[in-house]
Amino acid sequence: MAINWYPGHMVKARREIEENLKLVDIVAMLLDARAPFSCRNTDLEKICRRKKILFVLNKIDLASPEATQRYLARLRNEGEKVAAIDSTSGKGLKEVFQAIKEIYQPQMAEMVRKGRRIRPVRIMAAGVPNIGKSTFINCLVGKKMTQTGAKPGITRGKQWVRVRDDVELLDTPGLMWPKVEAEEQGFKLAILSIVGENAYNQEEVTLYLLQTLQQKFPDIMTEKLKVSNLDQTAGEILNEIALKRGHLLKAGALDTDKTCMSILQDFRKGKLGRISLD
Ligand SMILES: Nc1nc2c(ncn2[C@@H]2O[C@H](COP(=O)(O)OP(=O)(O)OP(=O)(O)O)[C@@H](O)[C@H]2O)c(=O)[nH]1
Ligand SMILES: [Mg+2]
């Protein structure tokens, strides 16, 4: 799948992240819980490895709970620190703070050993577009957003938010464009709105989603999309849904563009159920 690249923006984003990284102890690397491995950006991770990374599976309310547990276990097996959260409700926030504390523990011990005052842990959020960085930041901050105050950084003034007595957050998240290395990954990133609409063919992406549902989530096909016959091609299923939804053009032909858009929207809003794609 063809993806549009913006090399100029990427260089700038990268430089900005590198600068901000100097100011923090931990990077909260956000991944979409519905397809965390597809959201990983090896370039971004490579830069952020200079500091400690906490992988945060966000949007767990939209993901299959069993799949989320599986993905967390897989990341833990790879030696990563992990947490999972629904940033819109705050479910999982306690675990995020717990994980941050654990990661910071060795640095704290070092400060104590050197007879220094223990300073609050400094963190920043990072990740690809639309992953929920801003929502996550607001979730961490809660009502305390009003307490935002300027605090000098190393190179220039940066905005810090005191989240708790022992946690400070850099208010600008590190944004990096997705790195698409395989076609299937591109489809998933399109379904999750991580790559923009102009970068993909909506029908191709919808057909991929329908195929996935057909193979892995037949119940969703019949119950949510009301497809009567699963023994059809994805294209035929698309037509059936278009008919059922009354998506017709003036001449009576099927308006499958409209159907594609509505299926993708339903998925994104969680109307098709809690579905994980990785
Ligand atoms: N259901 C659900 N939606 C979420 C969650 N976190 C974020 N969202 C939604 O995801 C969309 C993107 O969230 P943002 O916080 O704007 O994402 P971002 O990473 O800051 O996006 P950019 O700044 O564009 O890179 C918004 O519609 C949020 O409401 C979550 O945990 N659950
Ligand atoms: Mg944002």
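Since the structure is predicted, the reported quantities are computational estimates derived from the model, not experimental observations.

Trainee: Teacher, can you tell me more about the domain arrangement of the protein here?
Mentor: Many authors give the size of an interface as the accessible area that is lost as the parts come together. Domains assigned within the protein are domain 1 (7-175) and domain 2 (201-268). Using C-alpha coordinates to define each centre, domain 1 is positioned 37 Å away from domain 2.

Trainee: Looking at this model, I keep getting lost on a negative patch on the surface. Mind explaining?
Mentor: The grouping of E183, E184, E203, E204 and D257 at the surface amounts to a negative patch. Elements that contribute at least two residues to the negative patch include exactly helix 7 (183-191) and helix 8 (202-216). Within the secondary structure, E184 sits in helix 7. In this structure E184 comes out as partly exposed when scored by relative accessible area, which is 46%.

Trainee: I would appreciate a short explanation of the pairing of strand 2 (residues 52-58) in the present structure.
Mentor: Two faces, one strand: in a regular strand the side chains alternate between the faces of the sheet. Most of strand 2 is tucked away, with six of its seven residues classed as buried. Both strand 1 (residues 26-32) and strand 2 contribute to a ladder of seven bridges, which runs parallel. From the neighbouring strand, V27 faces strand 2, where its bridge partner is I53. Judged from the five bridges that link them, strand 2 and strand 3 (residues 81-85) form a sheet pairing that is parallel. Paired with F55 across the bridge in strand 3 is V82. With helix 4 (residues 65-77) bridging strand 2 and its parallel neighbour strand 3, the resulting β-α-β unit is right-handed.

Trainee: Looking at this model, I keep getting lost on the packing of aromatic side chains. Mind explaining?
Mentor: To describe a pair of aromatic rings, you give the distance between the ring centres and the angle between the ring planes. Enumeration over the complete set of coordinates arrives at two aromatic pairs. The interplanar angle of 25° and the centroid separation of 5.0 Å between the aromatic rings of F187 and Y208 together place this pair among those described as stacked. Taken together, the residues F187 in helix 7 and Y208 in helix 8 connect sequence positions 21 residues apart. For the pair formed by F187 and Y208, the shared burial category is buried. Stacked on the ring of W160, the Lys or Arg R122 has its end atom at 5.3 Å from the ring centre. Note that R164 overlies the ring of F97, its terminal NZ or CZ placed 4.3 Å from the centroid.

Trainee: How should I be thinking about the site of ligand 1 in this particular structure?
Mentor: D61, S87, K133, S134 and T135 are the nearest of the 15 residues found near ligand 1. With three residues, helix 6 (residues 133-141) is the largest single contributor of residues to the shell around ligand 1. Split by residue class, the shell around ligand 1 holds four nonpolar, seven polar and four charged.

Trainee: In this structure, what is going on with the confidence of the model for the protein? I would like to understand it.
Mentor: Predicted coordinates in areas of low pLDDT are best not read in detail. A residue-level look at the protein finds 92% of positions with pLDDT of 70 or above and a mean pLDDT of 91. pLDDT under 50 marks residues 146-156. Its contacts with residues more than four places away, or in other chains, come to 17 contacts.

Trainee: Is there a simple way to think about unusual backbone geometry in this case?
Mentor: Positive phi outside glycine occurs at N130, with the angle close to 65°. Its place among the elements puts N130 in the loop between strand 4 (121-127) and helix 6. A positive phi angle, near 60°, is found at S193, a position not held by glycine. By secondary structure assignment, the location of S193 is in the loop between helix 7 and helix 8.

Conventions adopted
Residues numbered from 1 in each chain as written. Chains lettered and ligands numbered in written order. Predicted model: local features only at pLDDT ≥ 70, side-chain atom pairs only at ≥ 80, totals over all residues. Heavy atoms only, no water. Domains from an automatic or database assignment. Patch = residues over 30% accessible without salt bridge, like charges linked within 9 Å, V, L, I, M, F, W, Y side chains within 5 Å. Areas by Shrake-Rupley, 256 points an atom, 1.4 Å probe, with all protein chains shown as cover. Salt bridge = Lys/Arg side-chain N within 4 Å of Asp/Glu carboxyl O. Lys, Arg positive; Asp, Glu negative; His and termini not counted. Charge placed at Lys NZ, Arg CZ, Asp CG, Glu CD. Helix = DSSP H or I, 4+ residues; strand = E, 2+ residues; numbered from the N terminus. Buried < 20%, exposed > 50% of the residue type's maximum accessible area, 1.4 Å probe, protein only. Pairing = 2+ DSSP bridges. Right-handed = clockwise from strand over helix to strand, strands pointing away. Phe/Tyr/Trp six-rings, centres within 6.5 Å; stacked < 30°, edge-to-face > 60°. Lys NZ or Arg CZ within 6 Å of the ring centre and 35° of its normal. Near = heavy atom within 4 Å. Nonpolar A, V, L, I, M, F, W, Y, C, P; charged D, E, K, R; others polar. pLDDT = per-residue confidence, 0-100. Contact = heavy atoms within 4.5 Å.

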